[in-house]
Amino acid sequence: MSLSVRWRLTLWITGALVAALVIIFFVLSFALRATLTSDLDDDLTGNAEQVAALLLIRGVENQTAVQEVVDRFSVGGLRSGFVLLVRDEDGSLIAASESIEPDEFSLTGGEVDRLLEGEVINRNLDIRGDESVRVRSSRVMVGEELLGIIQVAESTDAISTTLDRLRTLFLVVGGVAVVVAFAVAYWLSRRSLRPIEEVAAVAARIEASDLTRRLEARGQPSEVQRLSDTFDAMLERLDRAFQQQRNFVLDVAHELRTPLTALQGNIDVLLMSEGLDRERRAQLERMSGETSRLIRLTTNLLYLALADAGHELDRRPVELDVVCLEVYQILRDIKPDVKLRLGNEDQATVAGDRDLLKQLVLNIVDNGIKYTPAGGTVTLSLFRDEAAVRVVVEDTGRGVPPEEISLIFQRFHRGGEAGSRGSGGAGIGLAIADWIARAHGGEIQVESEVGKGSTFTIVLPAERIEEASPGPPASRLDPSGARNVGGAR
Ligand code: ADP
């Protein structure tokens, strides 16, 4: 599992603080120990000097006198003062404080030699198992003459206690600091990441179909502002690319439609001529069928681009029964071995775009014929009741498997084993039909049984004639008329 940036930041900041505290603690306790030890050494030096001064006066020959000096100085013992030992130049004990075990303070031969040369040896010693003392050993001289060796020792309890206090202080204060730092770091990272989250939320709302939107972040921290500006610039480029692609499709579809329509017209004229033998006529009819399919395909492409461009419908009363009749006339001979017939034909008017509605019916009926094998029938009916107008296209074709029904309205989806490539489909017919139905406030319902046939029902809200705006039922897809796709075939 990967941690969010917010948690990472929080943990990093807290971790850095803990590391800093640990380093500070070790440096501080090291420095404190060194200072306190040096103070203790100074203290021991002072004591040793006092003892030495007295020994100089009394001499070291008389052991009882030396013991007296020792006892006088080490009254408090290790508990409240210091203890001391006096040795001769060989390191042999002359006198020692009563409270101590002299063996624990014994000197090695090497140490005695170093002391006799004038070195002062300070070292820590653990006595009686658990008590720690600092021992200062040094020689005592009378002019040029060596008097002996004295060892002065003091407990290091004060140092340990101070260091223990420091540790406790660090644990308590550090613990609180870590908790506070954790909370502050979490709050800070949340606060500084909020603008990014806001940008991400806006970005998530921008869909491919709506590339005109921009994040337009203002007054954000500079990094977020840069991210937002970069994102906006990318949207701008994408929008331009999409627009170019749409315009390209529009132009290509439009450019193709004109010669195709002319071709269709010419073939129709040829078909009218008398004296055509049967074979020629059949050939011409096949050509006419294919050309009309090409025209429908280019018209679908045109509408696809219009749908993407957010085309607004121009609503006028459309007599759907007439539209159905026209579709029937266009498609009835398209596949000679599939019979297209008209079923129930109520009179019905809907508010909408005539060309689009015609394309809608054409696409559905065309599919019915396309996916119905030889000998089958496609029935086109129109029903009207108070609320709705229904165009019902029933076929006896291959049917749509239930799991595919939700997919067939998606763009470029082609069902069947080999897709519908063989039948010239591009997988956009139903997507366009669905868009047109929805744009008119309606929908397309599908009932289908594999191997038996399908029923596609276009449901459109019925038009109340008096509300419809008057005017010629001309297409308004393009006010210039340059891309008038009227007469879709
Ligand atoms: P196509 O250009 O492939 O016909 P459509 O969008 O018109 O594209 O249809 C999508 C898919 O839906 C088709 O490929 C086909 O599998 C399935 N389909 C559409 N209409 C029918 C029908 N009447 N009978 C069986 N399958 C159909």
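Residues numbered from 1 in each chain as written. Predicted model: local features only at pLDDT ≥ 70, side-chain atom pairs only at ≥ 80, totals over all residues. Heavy atoms only, no water.

**Describing the sheet that holds strand β11 (residues 443-449)**
Right, on to step 1. Reading across the sheet, the five strands line up as β7-β9-β10-β12-β11 and stay open at both edges, with mixed pairing between neighbours. In the strand order of this sheet, the two ends are held by β7 (339-345) and β11, each with one partner. Going across the sheet, the axis of each strand differs from the next one's by a mean of 15°, ignoring polarity.
Right, on to step 2. Summarising the sheet, β11 and strand β12 (residues 453-461) pair through seven bridges and their orientation is antiparallel. (Pairing = 2+ DSSP bridges. Helix = DSSP H or I, 4+ residues; strand = E, 2+ residues; numbered from the N terminus. Axes fitted to C-alpha atoms, helices over the stretch in contact; angles between N-to-C directions.)

**Focus on the side chain of T156**
Right, on to step 1. When you line up the elements, T156 lands in the loop between β5 (145-155) and α5 (157-205).
Right, on to step 2. Not counting chain neighbours up to four residues away, the residues in contact with T156 comprise L40, N124, S132, V133 and R134. (Contact = heavy atoms within 4.5 Å.)

**Thoughts on the pairing of β12**
Right, on to step 1. The buried fraction of β12 amounts to seven of the nine residues, a majority that puts the element mostly inside the structure.
Right, on to step 2. Where strand β10 (residues 388-395) and β12 come together, seven bridges link them in antiparallel fashion. The residue bridging A388 from the neighbouring strand is P461, located in β12.
Right, on to step 3. Joining the antiparallel neighbours β11 and β12 is a turn of three residues, in which G451 adopts a positive phi near 85°. (Buried < 20%, exposed > 50% of the residue type's maximum accessible area, 1.4 Å probe, protein only.)

**Some words on the pattern of salt bridges**
Right, on to step 1. In total, this model carries 18 salt bridges according to the counting rule given.
Right, on to step 2. The closest approach of N and O atoms between R316 and D314, which form a salt bridge, is 2.7 Å. An identical accessibility class is assigned to R316 and D314; each is buried.
Right, on to step 3. A salt bridge links D333 to R332, with the nearest nitrogen and oxygen atoms 3.9 Å apart.
Right, on to step 4. Among the charged side chains, a salt-bridge network with shared partners connects R214, E236 and D239. (Salt bridge = Lys/Arg side-chain N within 4 Å of Asp/Glu carboxyl O.)

**Structural notes on a negative patch on the surface**
Right, on to step 1. Where like charges cluster on the molecular surface, the negative patch consists of E61, E89, D90 and E145.
Right, on to step 2. As for its position among the elements, E61 is in the loop between α1 (5-58) and α2 (63-73). (Patch = residues over 30% accessible without salt bridge, like charges linked within 9 Å, V, L, I, M, F, W, Y side chains within 5 Å. Areas by Shrake-Rupley, 256 points an atom, 1.4 Å probe, with all protein chains shown as cover. Lys, Arg positive; Asp, Glu negative; His and termini not counted. Charge placed at Lys NZ, Arg CZ, Asp CG, Glu CD.)

**Overview of α5**
Right, on to step 1. In this model α5 runs 69 Å from its N-terminal to its C-terminal C-alpha over 49 residues, within 8% of the 72 Å that 1.5 Å per residue would give.
Right, on to step 2. In α5, a bend of some 40° at R194 exceeds every other bend along the element, and P195, a proline, comes one to four places later.
Right, on to step 3. When we look at burial in α5, the residues that qualify are I159, L163, L166, F170, G174, A181, A185, S189, L193, P195, V199 and A203.
Right, on to step 4. Looking at the buried residues of α5, the elements they touch are α1 and α6 (222-272). (Expected span 1.5 Å × (residues − 1). Bend = angle between axes of the 7 residues up to and from the residue.)

**Topic: the nonpolar core**
Right, on to step 1. Among the nonpolar cores identified, the biggest contains 51 residues, and L320, L360, V361, I364, V365 and V391 are the most heavily contacted of them.
Right, on to step 2. Residue contributions to this core peak at eight residues, all from helix α9 (residues 354-370).
Right, on to step 3. Among all residues touching I364, those that are not within four sequence positions of it are V393, L430, A433, I444, F456 and I458.
Right, on to step 4. Formed by 20 residues, the second largest nonpolar core is a distinct cluster that contains A52, V69, V70 and L147. (Core = buried A, V, L, I, M, F, W, Y, C linked by side-chain atoms within 4.5 Å.)

**Points about the packing of helix α7 (residues 278-308) against α9**
Right, on to step 1. For the pair α7 and α9, interaxial distance at closest approach is 11 Å and the crossing angle is 130°. The angle between α7 and α9 falls in the class oblique. For the pair α7 and α9, the sense of crossing is left-handed. Residues R293, R296, T299, N300 and Y303 of α7 lie in contact with α9, whose contacting residues are D355, L356, Q359, L362, N363, D366 and K370. (Parallel < 35°, antiparallel > 145°, perpendicular 65-115°, else oblique. Left-handed = near helix turned anticlockwise from the far one by under 90°.)

**Remarks on the packing of α5 against α6**
Right, on to step 1. Between α5 and α6, the least distance of the axes is 10 Å, while the angle of their chain directions is 15°. By the angle class used here, α5 and α6 are roughly parallel. Viewed along their axes, α5 and α6 form a crossing whose handedness is right-handed. Along its contact with α5, which presents P195, I196, V199 and A203, the element α6 presents V224, L227, S228 and F231.

**Some points on the packing of aromatic side chains**
Right, on to step 1. On inspection of all chains with the given rule, the structure shows five aromatic pairs.
Right, on to step 2. Between W7 and F182 the ring centres are 6.0 Å apart and the planes differ by 40°, which places this aromatic pair in the tilted class. In this pair, W7 sits in helix α1 while F182 sits in helix α5, placing the two residues 175 residues apart along the sequence.
Right, on to step 3. Judged by its relative accessible area of 30%, F182 falls in the partly exposed class.
Right, on to step 4. A network of ring pairs unites the aromatic residues W7, F182 and Y186 as a single cluster. (Phe/Tyr/Trp six-rings, centres within 6.5 Å; stacked < 30°, edge-to-face > 60°.)

**Considerations on the sheet that holds strand β4 (residues 131-142)**
Right, on to step 1. The five strands are arranged β2-β1-β5-β4-β3 in an open sheet whose pairing can be described as antiparallel. Of all the strands in the sheet, just β2 (93-96) and β3 (121-127) have a single pairing partner and so form its edges. Shown here is a sheet whose adjacent strand axes are inclined to one another by a mean of 25°, direction ignored.
Right, on to step 2. Bridge count for β3 against β4 is seven bridges, and the pairing is antiparallel. If you follow N124 over to β4, its bridge partner there is R134.

**Notes on the confidence of the model for the protein**
Right, on to step 1. In the predicted model, the protein carries a mean pLDDT of 86, and the fraction of residues at 70 or more is 92%.
Right, on to step 2. This model gives residues 418-422 a pLDDT under 50, and the stretch forms six contacts once residues within four places in sequence are excluded. (pLDDT = per-residue confidence, 0-100.)

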